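Structure at a glance
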Amino acid sequence: MIRRLRPVALAIVCLLLATVAVAAPVRPRLVVLISIDQFRADYLARSSDLFLPPQDSKGVGGFRWLMERGAYHTDAHHDHYPLFTGPGHSIHFTGAPPYKTGIVGNEWFDREMNAVRYCVQDSKSPLVGAPDPDGKRGISPVTLRTSTVGDELKMATGGQGKVWGLALKDRAGVLMAGHLADGVLWFDEETGAWISSRFYFKSGQLPDWVVSWNAAKKIDPFFGKTWDLSVPPAALKRLWTPHNEFANPRPGLGKAFPHPVTGGLDRPGKAFYAAFESTPYANEYVLETAEELIRREKLGQDAIPDILAINLSTNDYIGHSFGPDSPEVLDVTAQTDRQLSRFFRFLGKAVPGGLRNVTIVLTADHGVAPMVEEMAEAGLPTAGGYQEKALTDAVKAALDKAFGPGDWLKALSEFNLYLDVDALRQKGIEPAKAEEIAAETLRRQPGIYAAYTRGQIVEGRVPDTDIGHRVMLGFHPKVSGDVVIVLDPYTV
Ligand SMILES: [Zn+2]
């Protein structure tokens, strides 16, 4: 399970409207939203000396071009809880927190399905481009309860504005692009191909250009390359954990530079694609694919605005493997800067009128806490890892004690505890009473900061703190659980 605690995001909006003294806003031909997964706001300040200048004789830079020539929001935060990839990406293009979107986690217990479901799971939308005969791997935005900016653009232009999503992670692309998008492409770790679902491609066929792009197997030449440190070794002096003692890299990559990119295989295969995803080469590939998408789908070519939403998932994979204070995260941050610069220069050439007709938004879905082992070694007040089994065992024991033996729990999914409300009612037990007992039990467990009941949240009886507000903004009455857990700081 993936957990994110640090509630920091950043948003840079580059509105190149003011190059001349024009009072009226220029309608962009193309809006490109780039969400960098797990990209903490402090990475920009920490690494800015490693970035390209805002502009030079060859063209625009990367982050510094946005930071110094655009609108740079240094105090922009996601204000919901929990801070995961699904909820984060559902917000970028809806502006709506989970209490409206219903995307309360990467997964949750679905009462109708009577099972834990993935946030973009949809058996009615089987995969396209990968085997999925019974729809078990199906994906769509069916759970997203609001429209996106892309949906509104479609409705406002008679469907003429084009809307696309592109990401290694299906949930990132799907939740940004929305319900009316022309297409969303994501990465199949089994084959290294871009795939989608019948939600977007009802014929069951990917566009011809995607088929050709996949057939060209552009990833395979990366097999056997190494990921080397691209910044001066002296740059590592700023790091808290330069030696990766607790690194947990993907297969074959190794704990320290240089990282061989083979997945431990002797020819490209699943483990290689998983390793590849966790190197800066993958961001390069995503942005190259974005260029092909813009060319082939003719985005930004006419006066009707188009939208492309991109997630760079790799920064998150690397952060999980090596921790936020590692040489690898510093290096991928610096490499992302150069890759973005190349991409922006491409946009300047591809869109008639150049970058003044492109609106670029750069943001992140959440931050990250240091690795638990690093925090413990450093002496930070961590209670360690989230112990789901111990928590559910404690709640079960308390409910059995109060109501007699029974299957009172449905699930603990991420930070939502779900009671079997029907079973409680059948025994004449008020669910609110069970909520209280469960929450009180959870509050006494190590690593738990707070446990709020459904009753507390829907009636607004949570503390008037930022955490209380985050929990309320992250709670959807039809989707969320009966008790919501908040962990102690530095506990993940
Ligand atoms: Zn994420």
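What comes next is a walk through the structure. Fair warning: this is a prediction, and the values are worked out from it, not measured in the lab.

1. Some thoughts on the pairing of strand β11 (residues 193-197)
For β11, a buried count of 5 out of 5 residues is recorded, marking the element as mostly surrounded by other parts of the structure. Burial of β11 is two-sided: the residues Ala 193, Ile 195 and Ser 197 facing one way and the residues Trp 194 and Ser 196 facing the other way are all buried. The pairing of strand β8 (residues 127-128) with β11 spans 2 bridges and is antiparallel. Each residue of the ladder has a partner; that of Val 128, found in β11, is Ser 196. Of the strand pairs in this sheet, strand β10 (residues 183-188) and β11 are connected by 3 bridges, and their pairing is antiparallel. Looking across to β11, one finds that Trp 186 is bridged to Ile 195. Where β10 folds back on β11, the antiparallel hairpin that results is connected by 4 residues, among which Gly 192 adopts a positive phi of roughly 75°.

2. Concerning unusual backbone geometry
Here the amide bond leading from Tyr 81 into Pro 82 is cis, since omega sits at 0°, within 30 degrees of zero. Of note, Pro 82 is situated in the loop between β5 (71-73) and α3 (85-92). At Asn 114, a position not held by glycine, the phi torsion is positive, near 55°. Checked against the element boundaries, Asn 114 lands in the loop between β6 (107-110) and β7 (115-118). At Tyr 490, a residue that is not glycine, the phi angle is positive and equals roughly 60°. On the secondary structure map, Tyr 490 appears in the segment after β19 (483-487). Judged by relative accessible area, which is 33%, Tyr 490 ranks as partly exposed.

3. Digging into the packing of helix α9 (residues 280-296) against helix α10 (residues 314-322)
For the pair α9 and α10, interaxial distance at closest approach is 9 Å and the crossing angle is 170°. With respect to each other, α9 and α10 are oriented roughly antiparallel. The residues of α10 that touch α9, namely those facing Pro 280, Ala 282 and Asn 283, are Thr 314, Asn 315 and Ile 318. Among the residues forming the contact of α9 with α10, the class breakdown is 3 nonpolar, 3 polar and no charged.

4. Quick look at the sheet that holds strand β17 (residues 416-419)
Across the sheet, which stays open at both edges, the 4 strands sit in the order β16-β17-β19-β18 with antiparallel pairing between neighbours. Two strands bound the open sheet, and with one partner strand each, they are β16 (409-413) and β18 (448-453). Looking at each pair of strands side by side, their axes are set apart by 15° on average, direction ignored. Bridging between β18 and β19 involves 5 bridges; their strand directions are antiparallel. By the bridge assignment for β19, Tyr 452 is matched with Val 484. Against the sheet, helix α15 (residues 431-443) contacts β17, β18 and β19, and its axis sits at roughly 175° relative to β18.

5. Topic: the pairing of strand β14 (residues 306-312)
Where burial is concerned, most of β14 is hidden: 7 out of the 7 residues are buried. Across 7 bridges, the pairing between strand β2 (residues 30-36) and β14 is parallel. The residue bridging Val 31 from the neighbouring strand is Ile 307, located in β14. Bridging between strand β9 (residues 163-167) and β14 involves 5 bridges; their strand directions are parallel. Paired with Trp 164 across the two strands is Leu 308, which belongs to β14.

6. As for the environment of Gly 150
Of note, Gly 150 is situated in helix α5 (residues 149-156). Spatially, the C-alpha atoms of Gly 150 and Asp 182 are 9.7 Å apart, while their sequence positions differ by 32 residues. In this structure, Gly 150 is in contact with Val 163 and Ile 307, ignoring residues within four places of it in sequence.

7. Focus: the nonpolar core
Membership of the largest hydrophobic core comes to 95 residues, with the highest contact counts inside it found for Ile 34, Leu 185, Trp 194, Phe 343, Phe 344 and Leu 347. Looking at which domains feed residues into this core, each of domain 1 (11-375) and domain 2 (388-487) supplies at least three. In this structure, Leu 391, Leu 409, Leu 417 and Val 486 belong to the second largest nonpolar core, which totals 34 residues.

Parameters at a glance
- Residues numbered from 1 in each chain as written.
- Predicted model: local features only at pLDDT ≥ 70, side-chain atom pairs only at ≥ 80, totals over all residues.
- Heavy atoms only, no water.
- Buried < 20%, exposed > 50% of the residue type's maximum accessible area, 1.4 Å probe, protein only.
- Helix = DSSP H or I, 4+ residues; strand = E, 2+ residues; numbered from the N terminus.
- Pairing = 2+ DSSP bridges.
- Axes fitted to C-alpha atoms, helices over the stretch in contact; angles between N-to-C directions.
- Parallel < 35°, antiparallel > 145°, perpendicular 65-115°, else oblique.
- Contact = heavy atoms within 4.5 Å.
- Nonpolar A, V, L, I, M, F, W, Y, C, P; charged D, E, K, R; others polar.
- Core = buried A, V, L, I, M, F, W, Y, C linked by side-chain atoms within 4.5 Å.
- Domains from an automatic or database assignment.

Note that all results are geometric; they support no functional claim without further evidence.
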